[in-house]
Amino acid sequence: MAVDKQLLEETLDIIRQSLQADGGDVELIDVDDEGVVTLEMQGACAGCPLSSLDMSEGIERILKEHVPGVTRVQPAVL
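As the structure is a prediction and not an experimental result, all values here were calculated from the model. (Residues numbered from 1 in each chain as written. Predicted model: local features only at pLDDT ≥ 70, side-chain atom pairs only at ≥ 80, totals over all residues. Heavy atoms only, no water.)

Things to note about the side chain of Thr 11
How we decide: By the criteria applied, helices consist of DSSP H or I runs no shorter than four residues and strands consist of E runs no shorter than two, each listed in order from the N terminus. Classification of residues uses two cut-offs on accessible area relative to the type maximum, computed with a 1.4 Å probe and protein chains only: under 20% is buried, over 50% is exposed, and between them is partly exposed. Contacts between residues were defined by any pair of non-hydrogen atoms, one from each residue, lying within 4.5 Å.
The residue Thr 11 is located in helix α1 (residues 5–21) in this model. Residue Thr 11 is classed as buried on the basis of its relative accessible area, which comes to 7%. Filtering out sequence-adjacent residues up to four positions away, Thr 11 remains in contact with Ile 62, Leu 63, His 66 and Val 67.

Side note on the sheet that holds strand β1 (residues 24–31)
Our working definition: Two strands pair if DSSP finds at least two bridges between them. Axis definition: a line fitted to C-alpha atoms, over the contacting stretch in the case of helices. Angles run 0 to 180 degrees between N-to-C directions.
Strand order in the open sheet made by the three strands is β1-β2-β3, with mixed pairing throughout. Where the open sheet ends on each side, the last strands, each with one partner, are β1 and β3 (72–75). Ignoring strand direction, the axes of neighbouring strands in this sheet form an average angle of 35°. In this structure, strand β2 (residues 36–43) lies alongside β3, joined through four bridges in parallel fashion. Following the sheet pairing, Val 37 is matched in β3 by Val 73. On top of the sheet, α1 reaches β1 and β2; it is set at about 160° to β1, its chief contact.

These values are about where atoms sit, not about what they do.
Structure follows, in structure tokens:
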């Protein structure tokens, strides 16, 4: 099942509000045919040691719940 990119962006916009309150942000880099979403943490989130935990436990859980087809969230490799 293809991921609805508009729904994905709208859901990320809601997540962004919390991240921006802490001086961070997240950018959607890609979503592949298997539902793997690639995100880049930005601002305060980029250097935060908890960002990988936030991504897997927080962002991934929310996206899987609200966006059909999302199977996994991974950080962008810079």
